[in-house]
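What follows is each chain in one-letter form.
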Amino acid sequence: METVYDYAIVGAGCSGLSLAVELVHALSGDRRIAVFEPRQSYPLDRVWCFWKTTMHRFSQAIGYEWGQWKVRFNGHEVIQASSHFPYQYLPGDAFYAAALETIDRFPSADLFLQTAVTDIVENKSDVGISTNRGAFRAKVVFDGRNDVNQLLNLGSLLQHYTGQKIQAHRPVFDNRTVTLMDFDVSQRHGITFVYVLPFSENEALVEPTVISHLPLETDVYIKLIRDYLNDRFGLNDYEVLFQEQGVIPMTAELSPPNVPTRLIPIGTAAGMVKGSTGYGFLPIQKWSRSIAQDIAAGRHQRLPKPRSWLSTCMDRIFLSFLAEHPSEAPEVFFHLFQRVPSDRLVRFLSDRASIIDIARVIAAMPKRPFIRQAGRITLAGGAAS
Ligand SMILES: Cc1cc2nc3c(=O)[nH]c(=O)nc-3n(C[C@H](O)[C@H](O)[C@H](O)COP(=O)(O)OP(=O)(O)OC[C@H]3O[C@@H](n4cnc5c(N)ncnc54)[C@H](O)[C@@H]3O)c2cc1C
């Protein structure tokens, strides 16, 4: 007879694996979990960085951390440091290995690799899942697929990038300091900055990041990397060790549904990646733990939100400012890092801000455009309700 799983997870990427890990820990072994993923194996395909503002299950897989970071604009640099919140680096392959090892230890979970879900149909009592390897059923399905075309159709700004981890043949990087945003590069493709994670004096991930409505051809980012290494470090001779690419929707309008249903989006498609920053790893961990605990405790009234109402409002205001005043964005980012104390800004960027943190951030923003955006958003919210 066909197995009816209690929970099925479609897509074993960051959100799917994180949720599977939380569910196997939170639920007793009598509830069956299926996880479907088209990949056959998990090579390094991306890296995650975030400020260590909270505990999570993958801290053993952290590969590097930095105590300071900088933003550069118009020839000036602002350096921030924090002893409370180091900036941490988690390589994708280490995350995947840790998650897969955990899932493997629990016989209640079945991971189906090389299995692409082709259709999901919600019925009265369960959900039908069609895949290239047959049909399955589950009482509840968490859908972690994020189709790039669907994300492009949202019409929002996108944060898009290609990064290369490179090995230089001479020492050029300052491995104490992450470059979060270097805006002193061509702005002709949209709001553009280069992100640099230095692992040693010779090795760094260099990632041009553009905020605009359409991703660029890969060659364009590669040229931006080449030009940046040449202009900033006089470096022409290097080896590429690894490459990652990403397109992240910059919107605050995606969210899991308000009430539990049998088919629940998770991850990027459910707004777990913060629209204004592109950081998704820690919000995904927090949401996964929260839903798993709710399920274990039999709390089914509502689904957790990825972030608070206030954080979502601040994101909306900031994103509409970026969309309408792109040329002012580099200076605004620079001022944020220059004027807001580091721990306060980190809490703000990580959705953990206190009212005082938010007040300090608002005080660092240009007043007139932000008040106008806030007013518009409040009026639109009022009209919609
Ligand atoms: C290159 C890159 C770098 C990033 N860096 C950071 C960072 O430094 N810090 C941070 O906080 N956030 C970062 N993010 C944002 C966010 O944390 C990641 O995008 C994260 O992987 C989102 O998780 P997800 O589960 O939504 O998507 P994914 O991790 O992409 O998972 C989606 C999964 O669905 C699977 N899938 C697709 N189609 C099907 C199908 N038909 N059937 C079944 N499964 C399917 C895919 O194979 C994939 O495994 C980054 C994003 C990218 C793209």
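What you see as residue numbers is a count from 1 along each chain, following the sequence as written. Only residues with pLDDT of at least 70 are given local features in this predicted model, and only at 80 or more are side-chain atom pairs given and counted; all residues enter the totals for whole chains, interfaces and linings. In computing side-chain properties, one takes all heavy atoms of the structure into account and sets aside hydrogens as well as water.

Asks: Before we move on, could you go through the site of the ligand and cite the residues and values that matter?
Replies: What makes a residue near a molecule or strand is one non-hydrogen atom of that residue sitting within 4 Å of it. Contacts to the ligand come from 32 residues, most closely from S15, E37, R39, C49 and G280. In this structure, G13 approaches the ligand through a main-chain N or O atom, which is 3.3 Å from an oxygen atom. In the model, a nitrogen atom of the ligand is placed 2.9 Å from a nitrogen or oxygen of the V117 main chain. For the accessible areas, the method is Shrake-Rupley and the probe is 1.4 Å, while residue cover comes only from the protein chains on display. Protein chains shield 86% of the accessible area of the ligand, which is 980 Å² for the free molecule. By the criterion applied in these results, polar contacts are pairs of N or O atoms within 3.5 Å in which, for protein atoms, one can donate a hydrogen and the other can accept it, and in which residues neighboring in sequence qualify only through two side-chain atoms.

Asks: Give a detailed account of the pattern of salt bridges, specifying residues and quantitative values.
Replies: Salt bridges, as used here, are contacts in which a Lys or Arg side-chain nitrogen is within 4 Å of a carboxyl oxygen on Asp or Glu. Inspection of the entire model under this criterion finds 25 salt bridges. With a closest N to O distance of 3.3 Å, K70 and E77 form a salt bridge. Between D351 and K274 there is a salt bridge, with its nearest N and O atoms 2.6 Å apart. In this pair, D351 sits in the loop between α8 (342-349) and α9 (355-364) while K274 sits in the loop between β17 (263-265) and α5 (281-296), placing the two residues 77 residues apart along the sequence. Of the two residues, D351 and K274, neither departs from the other in class, the shared state being buried. Helix and strand definitions here come from DSSP, where helices need a minimum of 4 consecutive H or I residues and strands a minimum of 2 consecutive E residues; each element is numbered from the N-terminal end. Only protein chains enter the area calculation, which uses a 1.4 Å probe; residues under 20% of their type maximum are buried, those over 50% are exposed, and those in between are partly exposed.

Asks: Would you mind going over the domain arrangement of the protein in detail, with residue names and values included?
Replies: An automatic or database domain assignment supplies the start and end points of every domain. Examined at the domain level, the protein breaks down into domain 1 (4-48 + 93-150 + 251-296), domain 2 (157-250) and domain 3 (309-384). A C-alpha centroid distance of 26 Å is found between domain 2 and domain 3. Listed by partner, the interface residues are eight residues for domain 2 and eight residues for domain 3. Inspection of the region where domain 2 meets domain 3 yields zero salt bridges. Contacts are assigned to residue pairs that have any heavy atoms within 4.5 Å of one another.

Asks: Let's hear about α5: which residues, and what values?
Replies: For α5, spanning 16 residues, the distance from its first C-alpha to its last is 23 Å, which sits close to the expected 22 Å at 1.5 Å a residue. Every buried residue of α5 is accounted for by F281, L282, P283, I284, Q285, W287, S288, I291, A292, D294 and I295. Immediately downstream of α5, the backbone of G298 shows phi near 70°, a positive value. By this rule the span expected of a helix is its residue count minus one, scaled by 1.5 Å.

Asks: Explain the sheet that holds strand β14 (residues 191-198) residue by residue, including any values.
Replies: Criterion used throughout: strands pair if DSSP finds at least two bridges between them. Here seven strands make up an open sheet; going across it, the order is β6-β5-β13-β14-β15-β12-β16 and the pairing mixed. Taken across any chain shown, the strands that pair with only one partner, and hence form the sheet edges, are β6 (76-81) and β16 (238-250). The average angle at which neighbouring strand axes cross in this sheet is 20°, direction not considered. Relative to strand β15 (residues 203-212), β14 runs antiparallel, the two being bridged by eight bridges. Paired with V196 across the two strands is V206, which belongs to β15. Axis lines are fitted through C-alpha atoms, for helices just across the contact stretch, and the angle between N-to-C directions can take any value from 0 to 180 degrees.

Asks: Let's hear about the state of the cysteines: which residues, and what values?
Replies: Criterion for a disulfide: a pair of cysteine sulfur atoms at a distance within 2.5 Å. Applying the stated criterion across every chain, the model contains zero disulfides. Of the cysteine sulfurs around C14, a residue in no disulfide, the closest is that of C49, at 13 Å. Residue class for C49 comes out buried when judged on its relative accessible area of 9%.

Asks: Give a detailed account of unusual backbone geometry, specifying residues and quantitative values.
Replies: Located in the positive-phi region is N74, a residue other than glycine, with phi close to 55°. Turning to its location among the elements, N74 is positioned in the loop between β5 (68-73) and β6. At Q114, a position not held by glycine, the phi torsion is positive, near 55°. The topology assignment puts Q114 in the loop between β8 (109-112) and β9 (117-122).

Asks: Mind laying out the nonpolar core, listing which residues take part and the relevant values?
Replies: Among the buried residues, those of types Ala, Val, Leu, Ile, Met, Phe, Trp, Tyr and Cys that are joined through side-chain atoms within 4.5 Å form a nonpolar core. Counting residues in each nonpolar core, the largest one holds 48 residues, and the members touching the most others are Y87, L180, L197, L322 and F337. Per-domain counts for this core show at least three residues from each of domain 2 (157-250) and domain 3 (309-384). Beyond its immediate chain neighbours, meaning those up to four positions away, F337 contacts W69, V71, V78, Q80, L180, M181, L345 and L349. In terms of nonpolar packing, the next biggest core, distinct from the first, is built from 39 residues, A12, C14, F58 and A292 among them.

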